[in-house]
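What follows is each chain in one-letter form.
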Amino acid sequence: MLCLHDSIRHDDPAVQRLLDAVEDAHSLTAVILAAWQVARVLTVHLVEAVLAERARRPLAWPRCPQCGVFLRSKGFAPRQVMSLFGPIRWRRRVGRCPHGCETPQVAPWDEALGVQPHQRTSGELQSLGCALAVFVPFATAARLLGWYSGRTVSPPAVWGWVQAAGQRAMETRQEHLHALAQGDLPAPEALAADLAAAPLVLGADGVMVPFRPTGGQPTGKTRWQEIKVGVLARLGQHRTRTGKVVTRLHHRRLVAVLGGVDALQPRLWLEAVRQGIRQAPQVVWLSDGARGLWRLYEERLAAYAVGILDFYHAAQYLWKGAAAWLDGRTTQARRWFGWARHRLRHGQPDGVLADVVEALEVEGLPASARDTLTALYAYLERHRDHLDYATYKELGLPIGSGMVESACKWLIQQRFKGVGMRWSEDGFNHLLHLRLAWVNGSFEALFQVQLQPSPNT
Ligand SMILES: [Zn+2]
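Predicted model only: the values in this text are computed from it and were never measured. (Residues numbered from 1 in each chain as written. Predicted model: local features only at pLDDT ≥ 70, side-chain atom pairs only at ≥ 80, totals over all residues. Heavy atoms only, no water.)

Visitor: Tell me about the overall build of the chain, and name the residues and values.
Guide: If you tally the helices and strands in the chain, you get 18 helices and seven strands. For the chain, whose C-alpha radius of gyration is 30 Å, the value lies well above the compact-globule estimate of 23 Å for 457 residues. C-alpha atoms of the chain, sized along the principal axes, occupy 100 × 65 × 55 Å. Across the chain, every contact between residues at least 6 apart in sequence was considered, and the portion connecting residues at least 24 apart equals 64%. Carbon and sulfur atoms provide 54% of the accessible area of the chain, an area that totals close to 25000 Å². In the chain, 53 side chains carry a positive charge and 40 a negative one; their mean positions are 5 Å apart. (Helix = DSSP H or I, 4+ residues; strand = E, 2+ residues; numbered from the N terminus. Rg over C-alpha atoms; globule rule 2.2 N^0.38 Å. Contact = heavy atoms within 4.5 Å. Areas by Shrake-Rupley, 256 points an atom, 1.4 Å probe, with all protein chains shown as cover. Lys, Arg positive; Asp, Glu negative; His and termini not counted. Charge placed at Lys NZ, Arg CZ, Asp CG, Glu CD.)

Visitor: Residues and numbers for the pattern of salt bridges, please.
Guide: This structure, assessed with the given rule, holds 13 salt bridges. Members of the salt-bridge network, linked through shared partners, are Arg79, Arg92 and Asp110. (Salt bridge = Lys/Arg side-chain N within 4 Å of Asp/Glu carboxyl O.)

Visitor: Which residues make up the coordination of the zinc ion, and what values do they have?
Guide: In this structure, Cys64 (SG), Cys67 (SG), Cys97 (SG) and Cys101 (SG) serve as the protein donors to the zinc ion, at separations of 2.2 to 2.4 Å. In this structure, the zinc ion is surrounded by four donor atoms whose angles at the metal cover 105 to 113°, and the resulting shape is tetrahedral. In the primary sequence, the donor residues of the zinc ion line up as C-x2-C-x29-C-x3-C. (Donors = N, O, S within 2.8 Å, 3.2 Å for Na, K, Ca; no water. Tetrahedral: all angles 85-135°; square planar, octahedral: opposite > 155°, others 65-115°.)

Visitor: Got a sec to walk through the nonpolar core? Specific residues and values, please.
Guide: As a rule of thumb, soluble globular proteins bury nonpolar side chains together. Among the nonpolar cores identified, the biggest contains 101 residues, and Trp285, Leu301, Tyr389, Ile412 and Phe428 are the most heavily contacted of them. Sequence-distant contacts of Ile412, that is, excluding residues within four places in its chain, are made with Val207, Val209, Ile227, Val229, Lys417, Phe428 and Leu432. (Core = buried A, V, L, I, M, F, W, Y, C linked by side-chain atoms within 4.5 Å. Buried < 20%, exposed > 50% of the residue type's maximum accessible area, 1.4 Å probe, protein only.)

Visitor: Break down the environment of Leu177 for me, citing the residues and quoting the values.
Guide: Along the chain, Leu177 turns up in helix α7 (residues 155-181). Spatially, the C-alpha atoms of Leu177 and Tyr379 are 34 Å apart, while their sequence positions differ by 202 residues. Those residues in contact with Leu177 that sit more than four places away from it in its chain are Pro266, Arg267 and Leu270.

Visitor: Lay out the packing of helix α5 (residues 123-133) against helix α6 (residues 138-149) with the relevant residues and their values.
Guide: Viewed as axis vectors pointing N to C, α5 and α6 meet at an angle of 140°, and their least axial separation amounts to 8 Å. Considered as vectors, α5 and α6 are oriented oblique to each other. Note on packing geometry: the crossing formed by α5 with α6 is right-handed. The residues of α6 that touch α5, namely those facing Leu125, Leu128, Gly129, Leu132 and Ala133, are Phe138, Ala141, Leu144, Leu145 and Ser149. Taken together, the residues of the contact of α5 with α6 sort by class into eight nonpolar, two polar and no charged. (Axes fitted to C-alpha atoms, helices over the stretch in contact; angles between N-to-C directions. Parallel < 35°, antiparallel > 145°, perpendicular 65-115°, else oblique. Left-handed = near helix turned anticlockwise from the far one by under 90°. Nonpolar A, V, L, I, M, F, W, Y, C, P; charged D, E, K, R; others polar.)

Visitor: Tell me about helix α17 (residues 425-439), residues and numbers included.
Guide: The end-to-end C-alpha separation of α17 is 21 Å, in line with the 21 Å expected for 15 residues at 1.5 Å each. With 12 of 15 residues buried, α17 lies mostly within the body of the structure. All of the buried residues along α17 are Gly427, Phe428, Asn429, His430, Leu431, Leu432, His433, Leu434, Arg435, Leu436, Ala437 and Val439. A positive phi of about 75° marks Gly441, the residue just after α17. (Expected span 1.5 Å × (residues − 1).)

Visitor: Lay out the sheet that holds strand β5 (residues 245-258) in plain terms, naming residues and giving numbers.
Guide: Think of a sheet as strands paired side by side through backbone hydrogen bonds, with each pair either parallel or antiparallel. Taken in spatial order, the five strands line up as β5-β4-β3-β6-β7 in an open sheet, and their pairing is mixed. The two strands at the open ends of the sheet, each matched to only one other strand, are β5 and β7 (306-309). Each strand axis lies, on average, 30° off the axis of its neighbour in the sheet, ignoring direction. Across the face of the sheet, helix α16 (residues 402-416) comes into contact with β3 (200-211), β4 (223-239), β5 and β6 (283-287) while running at roughly 30° to β3. (Pairing = 2+ DSSP bridges.)

Visitor: Outline the side chain of Asn440, supporting the account with residue identities and numerical values.
Guide: Looking at where Asn440 falls in the secondary structure, it is placed in the loop between α17 and α18 (443-447). On the basis of relative accessible area, Asn440 is assigned to the buried category, the value being 12%. Beyond its immediate sequence surroundings of up to four residues, Asn440 is in contact with Arg252, Arg253 and Leu254.

Visitor: Quick one: what's the story with the packing of aromatic side chains, residue by residue and with numbers?
Guide: Counted according to the given criterion, the structure contains 17 aromatic pairs. With a centroid separation of 5.7 Å and an interplanar angle of 35°, the aromatic rings of Trp269 and Tyr304 are classed as tilted. Taken together, the residues Trp269 in helix α9 (residues 261-274) and Tyr304 in the loop between α10 (291-301) and β7 connect sequence positions 35 residues apart. For Trp269, a relative accessible area of 7% translates into the label buried. Relative to Trp294, the ring of Trp285 lies with its centre 6.4 Å away and its plane at 85°, an arrangement referred to as edge-to-face. Both residues of the pair, Trp285 and Trp294, belong to the buried class. (Phe/Tyr/Trp six-rings, centres within 6.5 Å; stacked < 30°, edge-to-face > 60°.)

Visitor: Could you give me a rundown of unusual backbone geometry, with the residues and numbers involved?
Guide: Here His251, not a glycine, exhibits a phi torsion of approximately 50°, which is positive. Checked against the element boundaries, His251 lands in strand β5.

Visitor: Lay out the packing of α5 against α7 in plain terms, naming residues and giving numbers.
Guide: The contact between α5 and α7 brings their axes to 9 Å, and the two run at 95°. Our classification of the angle between α5 and α7 gives roughly perpendicular. Here Leu125, Gln126, Gly129, Cys130 and Ala133 of α5 lie close against α7, whose contacting residues are Val158, Trp161, Val162 and Ala165. Grouping the constituent residues of the contact of α5 with α7 by class yields seven nonpolar, two polar and no charged.

Visitor: Please give an account of the pairing of β7 that cites residues and values.
Guide: In regular strands, side chains alternate between the two faces of the sheet. Both β6 and β7 contribute to a ladder of four bridges, which runs parallel. Of the residues in β7, the one forming a bridge with Leu286 is Ile308. With α10 bridging β6 and the parallel β7, this β-α-β connection has right-handed handedness. (Right-handed = clockwise from strand over helix to strand, strands pointing away.)

So, in structure tokens, the structure goes:
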């Protein structure tokens, strides 16, 4: 049995010094911080005591991968990793092939602990560093981590952990996409009954991010590239303190890709299946007029989802038409716009379309006005099935896509567009996938560590 007395029996003089420091501290903050140093040293002692005890246990040696005989112990060798509480050192048996095959030495106890051969920092330190880097620049993440670990952590170290973890996340995503392409649909995520009964909303948007020039050189002209982001959520109603009922997104899931609509499509579909697009009582696709995204809707989602064209985007289009048609007579333009907008909002798009046809028939209409009105007509006609705003309102569905678009923007804007930031494609992709894991609730699974406090008992 492990007991505290045993584990610090070696009479570490550091412990007494640290205890004295607690006694000498004046302010409450100083007492707490000094006591924390004691806890840190005790933690290291405890961990090292456990590792030393395990290293003494007998172990089963694996076979040599080359000649097949059992490997044999070459005695104890030291090992060290940096942890959240400072360096942890232990000695364990290492083995080699007795026939002298050119295979790396093995340390079965390290393997049992989940420590990789060249690993220099422990998992909890890496995952905390990555979690900080999801929200703040690498240098800030390193500094915050330094406060907690009591050691200097370098920004490149945090950057390296993010690259490794992001790469793992990307590989997992790639496996899921591959399975999907083979016709292997993922299981829907388990949901509480009230969420499962709520409408599922999907939307997408594009956000531009500054990249370094080709080749990843730090100097030269910034290349702006588009990131496509999709959001999936359950719609909830929330009553504000003033009694107003507003729509909220619950159980939000995001997908994103450095690339176009074609790259977004399988990712969005994969998540849609997971979020129960095939089971949800009602599914809604909310989007502004972007053509590529509506094509994605037609090709992939239309069989399950009602498509709603963002009302405010449609109204903007109406205004453009009104201004072109009734140019110079702004009162009249405004009057027609107000009227058309009202009819559109209350479920009479055909009346608006008829007006536009009539306007196009007027002789002497300037060419530019004719072009604008023709475009307006084509736009309304193309979206004829996505304009039943009166019905959507009745069903309690939102008619604006702002909510889904801001969810998309947040994912990118908050972390990737700081002053002076420019990304390499790999650097961007790795961090993007960690951010996605974070917002989608799969971050801890990625590191297989539990950083959350256990619930109070
Ligand atoms: Zn061998």
